[in-house]
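Working through the structure, step by step
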Amino acid sequence: MRIKDKLAVILGLIGVILAFWAGFVVWNARQITGQVQSVASAIDHLKTMGEVRSRFYNQMHMLVHYFAYHEEQGRTKYEALKQEVFPLLKSSPKGAPGKQEPGDIEKTYGQLTAVIERILSERDQGRTGQARAFPGDEIEPHMNAFLNAIENDIFQRTEDIEADYDRIVMRLGGIPTMGEASLRRVEGARLSIRYFLAVDALSRAMNRQVHELVDYLVSGSDRNLRELTAADSEATSALEKCRRIITTQIGLGVEGEEEQFLQMEDLEREYRGTMLLARDAVILKKGGMTGQAFALLEEKLKRRVDDRLLPRIDRIMDGSREEVAEVNRSMLNAVFVAAMAAMVVISLCALALFVASQRLIRALVDAIYRLKTGAGIVGSGDLDHRIEVRSRDELGELAESFNKMTASLKESDEELKSFIFSLSHDLRSPLVNLKGFSDELARSLEEIEALLRQEGGALTEDDSARLLALLRQEVPPMLGFIESASDRMGELINAVLKLSRASHMPLRPEMIDMTALVREALKPHEEQINAGRITVSVGALPQLLADRQAVELVVRNLLDNAIKYRAPERAGRVEITGERQTQDTVFHVRDNGRGIAPEDRQKAFDMFRRVGQRDVPGEGMGLAYARTLVRRHGGRIWCESEPGAGSTFSFAIPHPAPRQ
Amino acid sequence: MGTQQPVTILLVEDDPGHALLIEKNLRRAGIVNDIIVLDNGQKAVDFLFKEGDYRASTYPAPPLILLDLNLPVLDGYGVLRKIKNDGRTKPIPVIVLTTTDNPQEVARCYELGCNVYITKPVEYDKFSEAIRNLGLFLSIVKVPEKD
């Protein structure tokens, strides 16, 4: 996998993370929207329940009226109210399932209604005994069951709303761009709802009081008085709560709360006024003036409650609901904006990441490529090549190190070159003496011999013979060895100089027609070829981009070897082939000569090495030159061989790298 | 040269082996003149200016110098410079006889005033042939009279 791909994978992962984050933000926004809607419908439900309760109390009131005065009017009103209540119940938006049986309220209402129906029909059929009395004992438990069911439901819904707001606060944390203001708004909304509930509690207490008062007026039981007092404390504490909430809201700086405060005080005043009337009614009843008490109840108190108290309560509750709805709306807006903002930021980040990483990738890959190419160029002998330093980071440092290394290599190379040069020069000087005095010795010996022949008579036969033997047989070979050793030294020094030159000579690449070059290289062997002792076949050879001189040298070397080291017992066959491969151009010179043993194959390329039989003259340098020249082109040279069957020498020159 | 005109050949060469071989090959080419061998540049300069160890020496005939470049104490370039910058020794013919054939070195010697530059071949056969040719050449060379 290339670097580009690896980085693409990493980028992909980061992209996935960012996408998840964006998705998370969107999901949070949607959750909040859902919760807010749930809260809205819950509040509506609460309102409805309050209404149901009010109507229900009215219903009961009518029923009591009917039982007390036998007026059809009461019964009709009861029936009418019944028609209203049930649909109301049905239409109210249901809350979260599983908390309370949604049918509980309906069930209890159904039971109550069934009992009342039964009593009414019994009465209609004239079967009841106590025709005047309100059958409180029978109805009361069912009524309480129904009222409890409603209270439970309201309680449940309140809990749900609180939970929803808790969740909203939590989700707000998941949208990074939502600020403190939204949390404050949520707090404000919660307070509004609590206010709403407090006022509803007041309404409930109010209804209960009226009911107990009516009951008391009918039955005169102390229990009702106690209930009345209890309901009054309920109402008072509800009013307290309202007062506290508004004070808190003012403290939080919520707008419009001063007006609400005044509203609440007004409500309190109305309530107190109404309670005075109730007290009066009780006093009347205690004084035995039931009729007047009832009148007071019906005409003054009830009217007051219906016309002044309940509407005020309604208004206040509507006001709270509006407040909450307003908060919900503004929160939804804020959430939408915040979510959008978060998405935009995330997208911009992703874009920036993408662009930056693209540039980084390109710079990295480019730098690595230049380094790679540079290494190749330096490796093939161009020690003047330097890599451009384009940045000041680690890559730039790497390029600088590379350049320093190359410079140091060049220095060593130059040192070596001049060392070899001066050494070979210094070695030649003594050689002149060696050879020179060898020569002089030979001349002196001739003179001595000549003199001896002249004056030889003065010596004994033996001595004479010995002298001649020394002069003619013993000394000359000694001189011969000195001479050939000096010759050998001379050759070696030349060879070393030649190799050094080959390592340093400048290369001038050109497009070479290899077929023509090979034929040219075969010319010196024409005689042998024509005499039929060797057959040479030259395949279709591809063109080669390289230094002509160098390639000529290599080819001549390989051909010479193939022809020199042929097997004497059979006719020599040399085959020259070449092909263009993906990375380089390869040439092969195959012969059917003596072959090279496996352990000798690598050694053959070393300087001054000759392997196998030395019956043919040679310095042992040919392959060493060839290897150096091939290396200068960045290529390689190798040998495959089967001893006794033949060898194939091959060399490969890489194609020049394409410019990027 | 030959027997008519006496010329002293001053051979400045630090390798005694080379010096002897040069002498022998010159003789073989027919040179019979005196050959004086000096093995470092400073001695050569002292000899020519009659200074140092050579204050009292005399040489019989006007000199011709065969000068190697790789000399100890004072190298060939130094000798050349000194000789060619002094009016007394400027006219003396100097033949640089050295191993290097680097064109820059050749040019430098001629700039410093050498009269002839000869490269000593490194192969002995060519070396001895070159010295013999030099000898034949010297036999027809005329030098300024000694004053």
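All values reported here derive from a predicted model rather than from experimental measurement. (Residues numbered from 1 in each chain as written. Chains lettered and ligands numbered in written order. Predicted model: local features only at pLDDT ≥ 70, side-chain atom pairs only at ≥ 80, totals over all residues. Heavy atoms only, no water.)

All right, on to the overall build of chain A then. Helix and strand content of chain A: 14 helices and 7 strands. Every one of the 660 residues in chain A was classed for burial, and the buried ones make up 41%. Within chain A, contacts between residues at least 6 apart in sequence are counted, and of these 75% link residues at least 24 apart. When the accessible area of chain A is evaluated, it comes to approximately 35,600 Å², of which 56% is carbon and sulfur surface. (Helix = DSSP H or I, 4+ residues; strand = E, 2+ residues; numbered from the N terminus. Buried < 20%, exposed > 50% of the residue type's maximum accessible area, 1.4 Å probe, protein only. Contact = heavy atoms within 4.5 Å. Areas by Shrake-Rupley, 256 points an atom, 1.4 Å probe, with all protein chains shown as cover.)

Listed by partner, the interface residues are 11 residues for chain A and 15 residues for chain B. The junction of chain A with chain B conceals about 1,200 Å² of combined surface from both sides, 59% of it contributed by carbon and sulfur atoms. For chain A, the biggest contributors to the area lost against chain B are Val432(A), Phe437(A) and Glu440(A); these three give 41% of the whole. Between the two partners, chain A and chain B, sit 2 salt bridges. Where chain A packs against chain B, one counts 4 residue pairs in polar contact (both at pLDDT 80 or more). Of the residues in the side of chain A that touches chain B, the class split is 2 nonpolar, 4 polar and 5 charged. (Buried area = accessible area lost by both parts, 1.4 Å probe. Salt bridge = Lys/Arg side-chain N within 4 Å of Asp/Glu carboxyl O. Polar contact = N/O pair within 3.5 Å; in protein donor to acceptor, adjacent residues only side chain to side chain. Nonpolar A, V, L, I, M, F, W, Y, C, P; charged D, E, K, R; others polar.)

Close approach of charged atoms allows side chains of opposite charge to pair. Under the criterion given, the structure shown has 45 salt bridges over all chains. Lys523(A) is the salt-bridge partner of Glu520(A), the closest N and O atoms lying 3.2 Å from each other.

Topologically, Ser203(A) is positioned in helix H5 (residues 180-219). Not counting residues up to four positions away in its chain, the partners in contact with Ser203(A) are Arg53(A), Ser54(A), Leu310(A) and Ile313(A).

Residues and elements named next belong to chain A. Taken together, the buried positions of helix H11 (residues 514-522) are occupied by Met 514, Leu 517, Val 518, Ala 521 and Leu 522. Each buried residue of H11 lies within a common arc of 140° when the element is viewed along its axis, so the set occupies one face. The N-cap of H11, judged by a side-chain oxygen 3.3 Å from the amide nitrogen of Thr 515 a few residues on, is Asp 513. (Arc of directions from axis to C-beta.)

Right, let's get into the packing of aromatic side chains. Inspection of the entire model under this criterion finds 7 aromatic pairs over all chains. Their ring planes at 25° and their centres at 5.4 Å tell us that Phe587(A) and Phe651(A) sit as a pair that is stacked. Taken together, the positions of Phe587(A) in strand E5 (residues 584-591) and Phe651(A) in strand E7 (residues 646-654) put the pair 64 residues apart, joining distant regions of the chain. Its relative accessible area of 3% is what places Phe651(A) among the buried residues. Pairing Tyr124(B) with Phe127(B) gives two aromatic rings, centres 5.8 Å apart and planes at 35°, and the pair type is tilted. Of the two residues, Tyr124(B) and Phe127(B) are both situated in helix H5 (residues 124-138); the distance of 3 residues between them amounts to about one turn of the helix. (Phe/Tyr/Trp six-rings, centres within 6.5 Å; stacked < 30°, edge-to-face > 60°.)

Residue and element names in this part refer to chain A. Helix H14 (residues 622-632) packs onto helix H13 (residues 548-564) with a crossing angle of 145° between their chain directions and a minimal axis gap of 9 Å. For H13 against H14, the interelement crossing comes out left-handed. Packed against H13, whose contacting residues are Ala 550, Leu 553, Val 554, Asn 557, Leu 558 and Asn 561, the element H14 presents Gly 622, Leu 623, Tyr 625, Ala 626, Leu 629 and Val 630 at the interface. For the contact of H13 with H14, the class distribution of residues is 9 nonpolar, 3 polar and no charged. (Axes fitted to C-alpha atoms, helices over the stretch in contact; angles between N-to-C directions. Left-handed = near helix turned anticlockwise from the far one by under 90°.)

Here chain B shows a mean pLDDT of 84. Residues at 70 or above account for 93%. For this predicted complex, the interface confidence score (ipTM) comes to 0.81, while the overall pTM stands at 0.54. (pLDDT = per-residue confidence, 0-100.)

With that out of the way, let us pick up unusual backbone geometry. Residues and elements named next belong to chain B. Of note in this structure, Lys 50 is not a glycine but carries a positive phi near 55°. With respect to the secondary-structure elements, Lys 50 resides in the loop between helix H2 (41-49) and strand E3 (63-67). Look at Val 73: it is not a glycine, yet its phi comes out positive at around 65°. The class for Val 73 is exposed, based on a relative accessible area of 66%.

For the rest of this paragraph, the subject is a nonpolar patch on the surface. Residues and elements named next belong to chain A. A contiguous nonpolar surface patch, about 570 Å² in accessible area, is contributed by Leu 416, Phe 419, Leu 423, Leu 427, Leu 434, Ile 482 and Met 489. Contributions of two or more residues to the nonpolar patch are made by helix H9 (394-455) and helix H10 (461-504). Of the residues forming the nonpolar patch, the biggest block, 5 residues, is contributed by H9. Assignment of secondary structure puts Leu 416 in helix H9. (Patch = residues over 30% accessible without salt bridge, like charges linked within 9 Å, V, L, I, M, F, W, Y side chains within 5 Å.)

Turning our attention to the sheet that holds strand E2 (residues 534-538) of chain A. What holds strands together in a sheet is hydrogen bonding between their backbones, with the strands either parallel or antiparallel. Residues and elements named next belong to chain A. One open sheet accounts for 5 strands, arranged E2-E4-E5-E7-E6; its pairing is mixed. In this open sheet, the two strands that pair with only one neighbour each are E2 and strand E6 (636-642). Averaged over all adjacent pairs, the angle separating strand axes in this sheet is 15°, with direction ignored. Sheet strands in contact with H11 are E2, strand E4 (572-580), E5 and E7, and its direction is about 165° off that of E2. (Pairing = 2+ DSSP bridges.)

Before going further, it helps to examine a negative patch on the surface. Residues and elements named next belong to chain A. Judged by side-chain charge, Asp 393, Glu 394, Glu 397 and Glu 400 come together as a negatively charged surface patch. With respect to the element layout, Glu 397 can be found in helix H9. Judged by relative accessible area, Glu 397 falls into the partly exposed class, the value being 48%. (Lys, Arg positive; Asp, Glu negative; His and termini not counted. Charge placed at Lys NZ, Arg CZ, Asp CG, Glu CD.)

Okay, the environment of Arg55(A) next. Residues and elements named next belong to chain A. Inspection of the secondary structure puts Arg 55 in helix H1 (residues 3-69). Taking relative accessible area as the criterion, Arg 55 reaches 26% and is therefore assigned partly exposed. When the C-alpha atoms of Arg 55 and Tyr 78 are compared, they prove to be 9.8 Å apart, with 23 residues separating the residues in sequence. Non-local contacts of Arg 55, meaning those with residues more than four positions away in its chain, are made with Leu 81, Glu 84, Val 85 and Leu 88.

Moving on to the packing of H11(A) against H13(A). All names here are of chain A. For the pair H11 and H13, interaxial distance at closest approach is 10 Å and the crossing angle is 55°. In terms of orientation, H11 lies oblique with respect to H13. The two elements H11 and H13 cross, and the hand of that crossing is right-handed. Along its contact with H11, which presents Met 514, Leu 517, Val 518, Ala 521 and Leu 522, the element H13 presents Arg 548, Val 551, Glu 552, Val 555, Arg 556 and Leu 559. Of the residues assigned to the contact of H11 with H13, the class counts are 8 nonpolar, no polar and 3 charged. (Parallel < 35°, antiparallel > 145°, perpendicular 65-115°, else oblique.)

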